[in-house]
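These are the residues of each chain, in order.
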Amino acid sequence: MDVTTKLLDELVGAALLVPSGVEGVYLRGGRFERIVDALDAMVGRFGAVDQPEVLRFPPAMPRDALVRSGYLNSFPQLLGTIHCFCGDEAGHRALLRCVAAGEDWTGQQEPTDLLLTPAACYPLYPAIAARGRLPAEGGIYDMHSWCFRREPSRDPARMQTFRVREFVRMGREHQVMAFRQDWFDRAQEFVRQLSLPFTIDVANDPFFGRAGRLMAESQREQGLKYELLIPVNSEARPTACISFNYHLNHFGEAWQIELADGSQAYSGCVGFGLERLALALFRHHGLDAGAWPPGVRETLRLP
């Protein structure tokens with residue numbers, strides 16, 4: 001039995017995760033959810049010093065907005081589209097005949113104008129662009145969202161549906177870089193308080209295709225993405241639990257987001273994978289949160 005399967009079996013055996021029948025999609029037990037909620041609240045306390053604007057978006061977003069942001073150019077393999085039945089009664093009968101015969105019934109579905117949100121910050125940029133120019137100091141935003149990425153796996157740390165708490169900084173280059181550096185320090189203190197081992201390393205996104213490999217190399221060379229890694233399944237291949245991203249002016253250009261003086265906005269973000277952090281806690285401190293070190297329980301404010 002490999003390490004990934006062993007960990008998943010332990011989590012399922014403890015009713016922390018409940019299989020749905022589809023790889024990477026799980027029901028969460030109450031004890032798992034209490035830890036996710038505690039982590040989310042802790043992240044919020046660490047981010048409150050910036051007095052960010054709090055925004056919460058649904059787990060679906062307009063199709064045209066995601067296309068304009070360039071997601072399809074880089075990650076088509078991860079995207080989840082939303083289709084619905086739009087037919088008449090005859091079409092409904094045809095659909096039911098397919099179901100009864102055990103045949104593919106999805107041909108009766110049509111694409112909608114919605115997509116599943118792949119990253120917490122993507123709905124933010126069109127919303128901010130619609131307001132007009134940013135204030136003189138730029139903006140800092142606090143988001144929490146369910147996200148979807150089509151990556152079926154038995155690795156419990158690679159779920160297809162998961163939650164991310166994210167902070168985005170928009171402003172001038174030096175403001176965004178200072179924000180990221182500050183979060184490098186804050187995130188390390190965050191994980192130290194949870195008594196978890198970690199490293200930080202340069203990284204790249206999973207860009208698609210031959211051109212994507214060149215984009216990934218460029219991203220690493222420019223140091224646009226870093227990850228805080230914690231061993232979950234193995235020591236040799238630790239899991240990215242927190243990411244630090246510098247977008248340059250990509251979203252400012254795509255959405256024509258301008259600063260107060262009319263120049264183009266730069267942006268960056270820090271994202272906390274809440275399920276992954278919960279898994280790291282269960283992996284290193286045990287499946288019974290009641291037996292975790294007192295300092296960790298106090299940090300999470302567990303009863």
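Worth saying up front: this structure is predicted, and the values here are computed from it rather than measured. (Residues numbered from 1 in each chain as written. Predicted model: local features only at pLDDT ≥ 70, side-chain atom pairs only at ≥ 80, totals over all residues. Heavy atoms only, no water.)

A. Region of interest: the packing of aromatic side chains. Summed over all chains, the structure comprises 13 aromatic pairs. Ring geometry for Phe75 and Phe207: centres 5.2 Å apart, planes at 20 degrees, overall stacked. Residue Phe75 is located in the loop between helix H4 (71–74) and strand S5 (81–85), and its partner Phe207 is located in the loop between strand S9 (199–202) and helix H8 (209–222); the two are separated by 132 residues in the primary sequence. Accessibility assignment for this pair places Phe75 and Phe207 in one class, buried. When the ring centre of Trp183 is taken as reference, the NZ or CZ atom of Arg186 above it lies at 4.2 Å. (Phe/Tyr/Trp six-rings, centres within 6.5 Å; stacked < 30°, edge-to-face > 60°. Helix = DSSP H or I, 4+ residues; strand = E, 2+ residues; numbered from the N terminus. Buried < 20%, exposed > 50% of the residue type's maximum accessible area, 1.4 Å probe, protein only. Lys NZ or Arg CZ within 6 Å of the ring centre and 35° of its normal.)

B. Region of the structure containing the nonpolar core. Within the largest apolar cluster, 51 residues are counted, with the highest numbers of intra-cluster contacts made by Ile35, Leu39, Phe190, Ile242, Leu281, Trp292 and Leu300. Not counting residues up to four positions away in its chain, the partners in contact with Leu39 are Phe190, Leu194, Leu274, Leu277, Ala278, Leu281 and Leu300. Leu66, Ile128, Phe207 and Cys269 belong to the second largest nonpolar core, which has 29 residues in total. (Core = buried A, V, L, I, M, F, W, Y, C linked by side-chain atoms within 4.5 Å. Contact = heavy atoms within 4.5 Å.)

C. Focus on the side chain of Arg165. Note that Arg165 resides in strand S8 (residues 161–171). Overall, the relative accessible area of 7% leaves Arg165 in the buried class. Separated by 2.8 Å, the side chains of Arg165 and Asp142 make a polar contact. The residues touching Arg165, leaving out its near neighbours within four places in the chain, are Asp40, Val43, Gly44, Arg56, Asp142, Met143, His144, Val270, Gly271, Phe272 and Leu274. (Polar contact = N/O pair within 3.5 Å; in protein donor to acceptor, adjacent residues only side chain to side chain.)

In short, shape yes, function no, at least from these values alone.
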